[in-house]
Amino acid sequence: MSSREIPTSIEINGQSLKFRNIHKDFSQTTAGNRLNNNPRYKDFIGELGIKEWQNILGFDVNNLEHGRLTQGITYCFINHINQSDSKIKFNNEEQKLLLLTAVVHDWPEAFTEKGDISYEIKSDNDEKEELALIEKIITEMLGPDSLEISIQIKDILEDKNSKLGMAFNAIERIGYLRTALIAWKKSKNTDQSTSPNLALLTNNVLLNSLRKTIEYSYIYPPVDSFIRKRKDLISEAFEMSPSIFDKYKVEDQVKNITKFNKAKTEWKQWLNKL
């Protein structure tokens, strides 16, 4: 296999398992069905049903299909890295681990009581609860010979300062921003009952995630490219009406206004460097 080719499968005990089949097999389990019926970003769904929510924002708001979409983002991330002059490169085994992590990283949410938890309220304990399950879930799905791989995936999700952990966190940030910008565009042509919730989702991602995304843009060419291509839309979203903060709980409003303004300042600083 050429170093430029991106793997589509991973070998476990001499058997080649395609990533798409791993996702498909999990989707047919009870746990997969549970994820399929669980929306992401549900704090912003309002009165919409799950299907309507997905029709507006796409597969990323489906807790099951989010893994498949993240795999697609990971593939593009790796491909961009491979074609760039970045000093950071991922060998074949690292690529396989990143791609499999994308597929399986949210599987534990089918087994925890809380399920998918929004970014800003997810605690360290919530994260630990999910990570404590992932080895068992992976080995039950892929067989006992996948134990070593399951441990490596747990390490990727647990240590965001490691080479693969940081890369996967950057990939997730692309996913957050991608959905936030879809929500922003859709907020301008949906009905009055849905539009504010979509704008609030955008606001929430910008204040919670964009500063880290900007930081990653200095490290990873795919992140830099992603936000460069969308810089006008991001700048436009930062000019949303301040009345959006009225939709947060009273006790969170000042905190979120401060975080939003800090993110906006860093965004302007990033723009000034172009």
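Because the structure is predicted, anything quoted here is derived from the model rather than measured. (Residues numbered from 1 in each chain as written. Predicted model: local features only at pLDDT ≥ 70, side-chain atom pairs only at ≥ 80, totals over all residues. Heavy atoms only, no water.)

**Q** Would you mind going over the overall build of the protein chain with me for this structure?
**A** Within the protein chain, the secondary structure is distributed over 12 helices and 2 strands. Put simply, the protein chain runs from its N terminus to its C terminus through helices and strands in the order β-β-α-α-α-α-α-α-α-α-α-α-α-α. Taking 274 residues into account, the globule formula puts the C-alpha radius of gyration at 19 Å, and the protein chain, at 19 Å, falls close to it. Viewed in the frame of its principal axes, the protein chain has a C-alpha envelope of about 60 × 45 × 30 Å. Looking at the protein chain residue by residue over its 274 residues, the buried ones come to 52%. Partitioning the intrachain contacts of the protein chain with sequence separation of at least 6 by distance along the chain shows that 71% fall at a separation of at least 24. (Helix = DSSP H or I, 4+ residues; strand = E, 2+ residues; numbered from the N terminus. Rg over C-alpha atoms; globule rule 2.2 N^0.38 Å. Buried < 20%, exposed > 50% of the residue type's maximum accessible area, 1.4 Å probe, protein only. Contact = heavy atoms within 4.5 Å.)

**Q** What am I meant to see in the pairing of strand S1 (residues 9-12) here?
**A** Each regular strand shows side chains that alternate between the opposite faces of the sheet. The pairing of S1 with strand S2 (residues 15-18) spans 4 bridges and is antiparallel. The residue bridging Ser-9 from the neighbouring strand is Lys-18, located in S2. Where S1 folds back on S2, the antiparallel hairpin that results is connected by 2 residues, among which Asn-13 adopts a positive phi of roughly 55°. (Pairing = 2+ DSSP bridges.)

**Q** Looking at this model, I keep getting lost on the nonpolar core. Mind explaining?
**A** Burial of nonpolar side chains together is a common tendency in soluble globular proteins. Grouped together as the largest cluster of nonpolar side chains are 81 residues, with contacts concentrated most on Trp-53 and Phe-77. For this core, the element with the most residues is helix H8 (residues 163-187), which contributes 13 residues. Phe-77 has contacts with Phe-90, Ala-167, Ala-170, Ile-171, Ile-174, Tyr-220, Pro-222 and Val-223, leaving out every residue within four places of it along the chain. (Core = buried A, V, L, I, M, F, W, Y, C linked by side-chain atoms within 4.5 Å.)

**Q** How should I be thinking about the environment of Ile-81 in this particular structure?
**A** Within the secondary structure, Ile-81 sits in helix H4 (residues 65-83). C-alpha separation for the pair Ile-81 and Tyr-220, spaced 139 residues apart in sequence, amounts to 7.5 Å. Among all residues touching Ile-81, those that are not within four sequence positions of it are Ser-86, Ile-88, Lys-89, Phe-90, Tyr-220, Pro-221 and Pro-222.

**Q** What should I look at first to understand the packing of aromatic side chains in this one?
**A** Aromatic ring pairs are described here by two measures, namely the spacing of the ring centres and the angle between the planes. Taken as a whole, this structure holds 8 aromatic pairs when the rule is applied. For the ring pair Phe-26 and Trp-107, a centre distance of 4.1 Å and an interplane angle of 10° mean the geometry is stacked. You can see Phe-26 sitting in helix H1 (residues 19-27) and its partner Trp-107 sitting in the loop between helix H5 (92-104) and helix H6 (124-142), a full 81 residues away along the chain. Judged on exposure class, the residue Phe-26 and its partner Trp-107 are both buried. Ring centres of Phe-238 and Phe-260 lie 5.2 Å apart, and the angle between their planes is 55°; on these two criteria the pair is classed as tilted. Of this pair, Phe-238 sits in the loop between helix H11 (231-237) and helix H12 (250-272) while Phe-260 sits in helix H12, and the two are 22 residues apart along the sequence. (Phe/Tyr/Trp six-rings, centres within 6.5 Å; stacked < 30°, edge-to-face > 60°.)

**Q** How should the side chain of Asp-224 be read in this particular structure?
**A** Its place among the elements puts Asp-224 in helix H10 (residues 221-229). Apart from the residues within four sequence positions on either side, Asp-224 is in contact with Ser-217 and Trp-270.

**Q** Honestly, the environment of Glu-130 in this entry has me stumped. Any pointers?
**A** Checked against the element boundaries, Glu-130 lands in helix H6. Its relative accessible area of 6% is what places Glu-130 among the buried residues.

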